[in-house]
Amino acid sequence: MTAPTQALSFGAAAAEYDRFRPRYPEEALRWALDGLAAPARVVDLGAGTGILTRGVLALGHQVLPVEPDPGMRAQLAAATPGTTALAGSAEAVPLPDGTADAVLVGQAYHWFDKEPAHAEIARVLRPGGTFAPIWNVRDERVGWVAELTRIAHLGDNAGDVTERYADFGAAFTPVELGEFAHTTTLTPDEVVGMLHTRSYWLTATPAEQERIDRELRELFATHTDLAGRATVELPYRTLVLRSRRR
């Protein structure tokens with residue numbers, strides 16, 4: 001994987017990650033799975049704390065989570081009874097050839113070393129199986145959300161996803177894009193807590209962390225859409241890039 005320091009920074013905040021990060025809309029997961037009848041065998045690659053795993057389990061599928069960070073695997077096991085994540089990465093998936101009907105990736109594809117990861121994903125998928133990375137991306141068409149992104153140095157946005165990740169290589173069919181809107185209701189403190197699970201904040205210096213927190217408090221105190229509100233609606237665009245193994 002690229003950027004290993006940031007990619008493996010989340011385990012230190014695994015419980016907060018699981019608590020604050022947004023879930024995935026059911027319609028986005030059904031579209032990602034391309035109409036697979038339950039129970040299909042789905043690999044959740046870069047499974048983190050199991051947010052995506054639990055969403056797919058709720059649809060009646062069998063899920064095999066794979067995650068490199070031991071702190072995240074421990075939180076997945078604690079939050080997902082009966083499910084244990086395998087230690088592994090996108091570039092070294094600990095599963096036999098043709099194991100999966102689908103491979104999903106929630107919020108993690110941008111960390112992958114693409115060429116070896118694509119080869120491994122193709123290996124574990126059956127012919128015709130589905131590969132679909134998924135992102136919950138803040139809707140920065142909303143003014144205060146764009147300001148939130150600026151303050152906290154949040155790098156993921158819809159343009160990054162749709163422009164940078166449009167080709168999975170020769171083993172896969174052309175990529176289809178699905179987009180699904182949803183919101184989460186959070187208190188201002190919970191928004192700050194969620195941002196404390198982001199890789200930039202986790203790997204920043206104490207001075208930079210303090211700067212971010214100060215400017216976030218100022219945003220919630222002064223922005224006309226936010227000031228005085230006990231909770232806020234944080235809008236997301238869930239983006240799904242779907243392809244099939246040739």
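Residues numbered from 1 in each chain as written. Predicted model: local features only at pLDDT ≥ 70, side-chain atom pairs only at ≥ 80, totals over all residues. Heavy atoms only, no water.

Colleague: Looking at this model, I keep getting lost on the overall build of the protein chain. Mind explaining?
Modeller: A tally of regular secondary structure across the protein chain gives 11 helices and seven strands. Taken against the 2.2 N^0.38 rule, which gives 18 Å for 246 residues, the C-alpha radius of gyration of the protein chain at 18 Å falls within 12% of a compact globule. Along the three orthogonal principal directions, the C-alpha set of the protein chain runs to about 55 × 30 × 30 Å. Split into buried and exposed, the 246 residues of the protein chain put 53% on the buried side. Restricting to contacts in the protein chain with at least 6 residues of sequence separation, those with at least 24 account for 76%. In the form shown here, the protein chain has an accessible surface area of approximately 10,500 Å², with 53% of it arising from carbon and sulfur atoms. Within the protein chain, the 32 negative side-chain charges are centred at a point lying 3 Å from the centre of the 24 positive side-chain charges. (Helix = DSSP H or I, 4+ residues; strand = E, 2+ residues; numbered from the N terminus. Rg over C-alpha atoms; globule rule 2.2 N^0.38 Å. Buried < 20%, exposed > 50% of the residue type's maximum accessible area, 1.4 Å probe, protein only. Contact = heavy atoms within 4.5 Å. Areas by Shrake-Rupley, 256 points an atom, 1.4 Å probe, with all protein chains shown as cover. Lys, Arg positive; Asp, Glu negative; His and termini not counted. Charge placed at Lys NZ, Arg CZ, Asp CG, Glu CD.)

Colleague: Looking at this model, I keep getting lost on the pattern of salt bridges. Mind explaining?
Modeller: Two side chains that carry opposite charge are able to pair once their charged atoms sit near each other. One pass over the structure, following the stated rule, counts 17 salt bridges. Salt-bridge contacts for R30 lead to E26; the nearest nitrogen and oxygen are separated by 2.8 Å. Within this pair, R30 and its partner E26 are both found in helix α3 (residues 26-32), separated by four residues, close to a single helical turn. A salt bridge links E120 to R123, with the nearest nitrogen and oxygen atoms 2.7 Å apart. Taken as a pair, E120 and R123 lie in helix α6 (residues 114-124) at a separation of three residues, close to a single helical turn. When its relative accessible area of 24% is taken as the criterion, R123 is described as partly exposed. (Salt bridge = Lys/Arg side-chain N within 4 Å of Asp/Glu carboxyl O.)

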